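Survey of secondary and tertiary structure
Each chain, letter by letter, is given below.
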Amino acid sequence: MKRYHVTTFGCQMNAHDSERIKGMLEELGLGEAASQDEADVLVFNTCTIREKPDQRFAAHIAQARALKERDGKVIAVGGCYAEAQRERLFDLYPFVDVAFGPGSIAHLGEWLGAGGEAPRSSFGIGQERSFAADLAPHRERRFQAWVQVSMGCNSVCSYCIVPKVRGREVSRRPAEIMAEVTRLAGQGVRELTLLGQNVNSWGRDLRPDLETGFAELLRACDAVPGIERIRFTSPHPKDFRPDVIAAMAESESVCEHAHLPVQSGSTRILKAMKRTYSRERYLRLVDELRTGISDLALTTDIIVGFPGETERDFAETLEVVEEVGYDGAFTFVYSPRSGTEAATMPNQVPEEVKRERIERLVDLVQRIAHERNQERVGGVEQVLVEGSSRTDALLQRGRTRRNTTVNFTGSAVPGELVDVQIDGATSLTLRGALRAAVAA
Ligand code: SAH
Ligand code: SF4
Ligand code: F3S
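It should be emphasised that the depicted structure is a prediction, and the values quoted were computed from it without experimental measurement.

Reading the values: the criteria
- Residues numbered from 1 in each chain as written.
- Chains lettered and ligands numbered in written order.
- Predicted model: local features only at pLDDT ≥ 70, side-chain atom pairs only at ≥ 80, totals over all residues.
- Heavy atoms only, no water.
- Helix = DSSP H or I, 4+ residues; strand = E, 2+ residues; numbered from the N terminus.
- Rg over C-alpha atoms; globule rule 2.2 N^0.38 Å.
- Contact = heavy atoms within 4.5 Å.
- Near = heavy atom within 4 Å.
- Polar contact = N/O pair within 3.5 Å; in protein donor to acceptor, adjacent residues only side chain to side chain.
- Areas by Shrake-Rupley, 256 points an atom, 1.4 Å probe, with all protein chains shown as cover.
- Nonpolar A, V, L, I, M, F, W, Y, C, P; charged D, E, K, R; others polar.
- Axes fitted to C-alpha atoms, helices over the stretch in contact; angles between N-to-C directions.
- Parallel < 35°, antiparallel > 145°, perpendicular 65-115°, else oblique.
- Left-handed = near helix turned anticlockwise from the far one by under 90°.
- Buried < 20%, exposed > 50% of the residue type's maximum accessible area, 1.4 Å probe, protein only.
- Lys, Arg positive; Asp, Glu negative; His and termini not counted.
- Salt bridge = Lys/Arg side-chain N within 4 Å of Asp/Glu carboxyl O.
- Pairing = 2+ DSSP bridges.
- Domains from an automatic or database assignment.
- Buried area = accessible area lost by both parts, 1.4 Å probe.

1. Here we look at the overall build of the protein
Within the protein, the regular secondary structure consists of 13 helices and 18 strands. Against the 2.2 N^0.38 benchmark of 22 Å for 440 residues, the protein shows a C-alpha radius of gyration of 22 Å, consistent with a compact globule. If one aligns the C-alpha atoms of the protein with their principal axes, the spans along those axes are about 60 × 60 × 50 Å. Across the protein, the fraction of contacts at a sequence separation of at least 24, relative to all contacts at a separation of at least 6, is 71%.

2. Remarks on the site of ligand 1
Around ligand 1, the structure places 16 residues, and the nearest of them are Tyr-159, Gln-197, Gln-263, Asp-301 and Ser-335. Note that a nitrogen atom of ligand 1 is positioned 2.8 Å from one of the backbone N or O atoms of Ser-335. Taken by itself ligand 1 offers 540 Å² of open surface, and the protein chains cover 88% of this. Of all elements in the fold, only strand 12 (297–304) and strand 13 (328–333) reach the threshold of two or more residues within the shell around ligand 1. Classifying every residue of the shell around ligand 1 gives eight nonpolar, four polar and four charged.

3. What to know about the packing of helix 7 (residues 174–186) against helix 8 (residues 214–222)
As a packed pair, helix 7 and helix 8 sit with axes 10 Å apart at the nearest point and diverge in direction by 25 degrees. One finds that helix 7 runs roughly parallel with respect to helix 8. Helix 7 and helix 8 meet at a crossing whose hand is right-handed. Residue-level inspection shows Ile-177, Met-178 and Val-181 of helix 7 in contact with helix 8, the latter providing Leu-217, Ala-220 and Cys-221. Looking at the contact of helix 7 with helix 8 residue by residue, the class counts come to six nonpolar, no polar and no charged.

4. Concerning the side chain of Glu-169
Checked against the element boundaries, Glu-169 lands in the loop between helix 6 (162–166) and strand 8 (170–171). For the buried Glu-169, no salt bridge is present, and the opposite-charge side chain at shortest range is Arg-204, 6.2 Å distant. A polar contact of 2.7 Å, which involves the side chain of Glu-169, links it to the side chain of Ser-201. In this view, Glu-169 contacts Met-151, Gly-152, Cys-153, Asn-154, Asn-198, Ser-201 and Asp-205; residues no more than four positions away in its chain are not counted.

5. Topic: the sheet that holds strand 12
Strand order in this open sheet of three strands is 11-12-13, and the pairing throughout is parallel. A single partner strand is all that each edge strand has here, and the edge strands are strand 11 (257–259) and strand 13. Each strand of the sheet is rotated relative to its neighbour by a mean of 10 degrees, with strand direction disregarded. Two strands pair when backbone bridges link them, and strand 11 and strand 12 are joined in this way by three bridges, in the parallel orientation. Bridged to Ala-258 within strand 12 is Leu-298.

6. Re the domain arrangement of the protein
When the parts come together, some accessible area is lost, and that loss is often what is quoted as the size of the interface. Looking at the assigned domains, one finds that the protein contains domain 1 (3–128), domain 2 (139–255) and domain 3 (380–439). Between the C-alpha centres of domain 2 and domain 3 the distance comes to 26 Å. Opposite the 13 residues of domain 2 that make contact, domain 3 presents 15 residues. Taking both sides of the interface into account, the surface hidden between domain 2 and domain 3 amounts to around 1,100 Å²; carbon and sulfur atoms contribute 39%. By the criterion of area lost to domain 3, the three top residues of domain 2 are Phe-143, Arg-190 and Arg-229, representing 49% of everything that side buries. Our count for the contact surface shared by domain 2 and domain 3 stands at one salt bridge.

Here it is in structure tokens:
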């Protein structure tokens with residue numbers, strides 16, 4: 001039997017696309033190999049959101065080339081980097097056999113040929129887009145699943161390459177989404193993560209044909225028996241309308257967690273980023289969310305060193321971090337992406353200034369997240385068990401409804417919902433001891 005290996009870079013959407021790629025290769029009769037070395041077909045599902053994933057891919061592909069020269073592997077490159085470089089990919093890497101964009105995963109099988117044996121050498125990327133969601137996935141965990149609700153993004157954030165590589169936003173039809181959710185629940189899935197580049201604007205492009213929206217989708221998923229936790233990513237602050245906040249508050253299975261990417265605390269910079277909200281509007285939204293949903297965890301994404309960012313602008317970002325008191329944050333150094341508006345803006349911030357700012361930001365984010373986690377010590381958290389701890393095999397690991405990782409003592413099975421007594425905290429995790437199973 002021929003074997004495949006998929007290497008995934010980037011966001012959860014890419015991770016989910018990789019599940020579909022794996023499912024498709026298995027339908028073609030290939031088995032999964034434990035390492036690149038043992039595989040006949042190497043697939044790279046790439047990301048190009050910042051320069052770093054591009055560089056990581058470059059290192060991987062150099063290694064794949066050596067493997068191919070040694071024993072003739074088939075190399076397929078898909079995802080956002082492939083899409084962004086579609087004109088040059090085969091020039092840059094002539095040893096690549098197949099290239100495909102995020103919208104053309106459905107064609108990968110026919111391009112690879114039956115059994116992955118007869119690759120052709122050159123293919124266009126992404127001429128036609130389809131939902132990878134229509135392909136049967138290979139899921140890592142029986143009790144958790146991603147559900148793609150839309151593809152693409154209609155925002156025009158001036159730093160971001162995603163709209164260019166993932167295209168305009170298209171929502172999946174609600175009947176298809178609900179059929180998938182119901183099927184997953186029947187297979188034992190307890191936790192769903194709804195996925196879209198701009199997940200909470202779901203449904204807008206279906207109008208006027210269908211009058212629906214993200215709030216309705218949350219409520220419909222909540223009504224499916226067996227689904228105990230619903231998460232969604234990535235949302236945009238502009239689409240957290242009052243009806244969405246109400247649906248989150250009133251739907252028992254929707255988790256008490258909102259990822260609210262702020263990007264900057266300076267209204268001037270937000271405007272240059274084309275984020276469509278001001279610092280004040282954002283802070284009002286935080287208030288509305290916290291008023292509407294009790295015990296809500298808030299996380300965010302922040303970019304430092306956007307073109308023109310002054311020390312004063314950066315100080316405003318630090319102020320917002322303090323004021324909101326995030327439970328966690330992903331922090332990024334601004335990385336110019338060719339083809340985006342911000343890449344050619346004047347006043348690019350020098351590398352050393354960006355470095356110095358991100359260090360200050362990370363220190364603050366960690367201090368606050370540690371304080372927030374410390375507040376949970378002494379309480380009991382409901383945890384969905386995921387397996388053994390990454391750092392200590394004697395401990396179990398899982399996540400709370402607020403999406404914090406918990407390492408705990410006591411015996412529990414992956415997929416089980418348990419109560420954990422919390423007795424310690426770091427900036428990223430909680431520690432505790434098993435109290436009791438909540439439900440079988
Ligand atoms: N659709 C999502 C996130 C997409 S990318 C959203 O709008 O929230 C994830 C994060 O990467 C972004 O939130 C942003 O913080 C960061 N990012 C995107 N482009 C970047 C760039 N050019 N440089 C640095 N960080 C970037
Ligand atoms: Fe990129 Fe902005 Fe769209 Fe998010 S909302 S994917 S940051 S363009
Ligand atoms: Fe990267 Fe594409 Fe996701 S650029 S972050 S893999 S949408």
